[in-house]
Amino acid sequence: MAVKPIVMFPDEVLERPCDKVTVFDKKLTKLLADMYDTMIENDGVGLAAPQIGISQQIAIVDIDDHHGTIELINPEIIEHRGKQTGPEGCLSFPGLFGEVSRADYVKVRTCNRKGKVKVIEAEGFLARAIQHEMDHLEGILFTSKVEKYLDEEDLESAEG
């Protein structure tokens, strides 16, 4: 298990668009495993490569549902619809939470670790998590989309 340190804001790697992945090899497979270990160790539901200092279009999402771990490599949203607003946080902003509006449904074209193109459809919380991680790959931080910052009390009532 290789848990990497999380890059914290205001590190510039977080606000820079990432490079496309062009090599699909054992190094990429190891990076994905390290990212998973890092995400789990930090109680996250997603992690993008820039959050561990790597400026490449790689992210993972695992909201602990039947989808399992979703690997996003060079992802692109090809369809979206609906709107949802809900609380978000980010491992690069510990203790900071805010209300963010995002599409309720997304269809994403991505590559798997072997470079094979696949299409993923997601809605609700999974769609939110995917969009949050994909924003990281463009250098976009959730703080630029926050409509209202939340404190502990707001968070508890939002979680119901």
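Residues numbered from 1 in each chain as written. Predicted model: local features only at pLDDT ≥ 70, side-chain atom pairs only at ≥ 80, totals over all residues. Heavy atoms only, no water.

Moving on, we come to the overall build of the chain. Summing up its helical and strand segments, the chain has 3 helices and 8 strands in all. Going residue by residue from the N terminus, the α and β elements of the chain occur as α-β-β-β-β-β-β-β-α-β-α. Taking 15 Å as the expected radius of gyration for a compact globule of 160 residues, we find that the chain reaches 15 Å, a close match to that expectation. Per-residue burial for the chain yields a buried fraction of 46% across its 160 residues. (Helix = DSSP H or I, 4+ residues; strand = E, 2+ residues; numbered from the N terminus. Rg over C-alpha atoms; globule rule 2.2 N^0.38 Å. Buried < 20%, exposed > 50% of the residue type's maximum accessible area, 1.4 Å probe, protein only.)

We now examine the packing of aromatic side chains. Under the definition given, this model contains 2 aromatic pairs. With 4.9 Å between their ring centres and 25° between their planes, phenylalanine 9 and phenylalanine 93 make a pair best called stacked. With phenylalanine 9 in the segment before helix H1 (26–41) and phenylalanine 93 in strand S5 (residues 93–102), this residue pair connects regions lying 84 residues apart in the sequence. Pairing phenylalanine 93 with phenylalanine 142 gives two aromatic rings, centres 5.6 Å apart and planes at 80°, and the pair type is edge-to-face. Taken together, the positions of phenylalanine 93 in strand S5 and phenylalanine 142 in the loop between helix H2 (124–137) and strand S8 (146–150) put the pair 49 residues apart, joining distant regions of the chain. Given a relative accessible area of 8%, phenylalanine 93 falls into the buried group. Relative accessible area serves as the criterion here: at 2%, phenylalanine 142 is assigned to the buried category. An aromatic cluster is built from Phe9, Phe93 and Phe142, whose rings are joined through pairwise contacts. (Phe/Tyr/Trp six-rings, centres within 6.5 Å; stacked < 30°, edge-to-face > 60°.)

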